[in-house]
Amino acid sequence: MAAEPVAKRLVVLVSGSGTNLQALLDAVAAEGVAAYGARIVAVGADRGDIEGLARAERAGIPTFVCRVKDFAAREEWDAALAEAVAAHEPDLVVSAGFMKVVGKEFLARYGGRFVNTHPALLPSFPGAHGVRDALAYGVKVTGCTVHFVDDGVDTGPIIAQGVVEVRDEDDESALHERIKEVERRLLVEVVGRLARNGHRIEGRKVVIQ
Ligand code: GAR
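Procedures and definitions
- Residues numbered from 1 in each chain as written.
- Predicted model: local features only at pLDDT ≥ 70, side-chain atom pairs only at ≥ 80, totals over all residues.
- Heavy atoms only, no water.
- Helix = DSSP H or I, 4+ residues; strand = E, 2+ residues; numbered from the N terminus.
- Rg over C-alpha atoms; globule rule 2.2 N^0.38 Å.
- Buried < 20%, exposed > 50% of the residue type's maximum accessible area, 1.4 Å probe, protein only.
- Salt bridge = Lys/Arg side-chain N within 4 Å of Asp/Glu carboxyl O.

Chemist: Would you take a moment to explain the overall build of the protein for this structure?
Modeler: Looking only at helices and strands, the protein has 7 helices and 9 strands in total. Here the protein has a C-alpha radius of gyration of 17 Å; the compact-globule value for 209 residues is 17 Å, and the two agree. Expressed as lengths along the three principal axes of its C-alpha atoms, the size of the protein is roughly 55 × 50 × 40 Å. Per-residue burial for the protein yields a buried fraction of 46% across its 209 residues.

Have a look at this one:
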């Protein structure tokens, strides 16, 4: 008899409202750990008192906070974040609205298995204001990108993208909400496929087995 595949361990990093985290929590709860292929073993943040952490606590998932300002140097924060994540022995780490750029130590440990979701069609509009920048540019379509993190800002290999039309009456918040509807579904689908099937990265191409 073939052995049951072991569910992958996910650590999710958040900085804000955590609706993408919630979508992952809901998918695991609805489908079951075995069928989804992964469980969330911890949620980390770079700040306390955010809805993202409250969502994890309500779901009974361990949380940790690692604040840049509690460290003398950015590299020390980065190493501490990597250590806090490592304590939960993740197979995949997901940045779901985590608004910090990680450093060398973190990438040395989690490069190639650190997934980020970004609210624009990369390589256009990287950075902290992807929605605002796309709107200001006047694009007619934008969307979201799920990608692996490398040592640039939103430059890593792309796993999947979702497209959203820009409407004449859009402001940043209305457009971001429509992007997030697509983004939550995409993130759930991509993380599940990575967990169940495994992947390899060939240059800029991500191949999910
Ligand atoms: C998401 O739209 C995510 O793409 C974005 O923050 C939002 C978090 O929403 N991330 C970035 O802009 C990173 N550059 P959530 O907290 O409700 O999941």
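After presenting the structure, the write-up continues.
Chemist: For this particular structure, what's the right way to read the pattern of salt bridges?
Modeler: Under the criterion given, the structure shown has 10 salt bridges. A salt bridge links D70 to R67; its shortest N-O distance comes to 3.5 Å. Given a relative accessible area of 30%, R67 falls into the partly exposed group. Residues R200 and E202 are paired through a salt bridge, measuring 2.6 Å at the closest nitrogen-oxygen approach. Given the relative accessible area of 40%, R200 is considered partly exposed. You can call E202 partly exposed: its relative accessible area is 43%. Connected through salt bridges with shared partners, the residues D46, R47 and K100 form a single ionic network.

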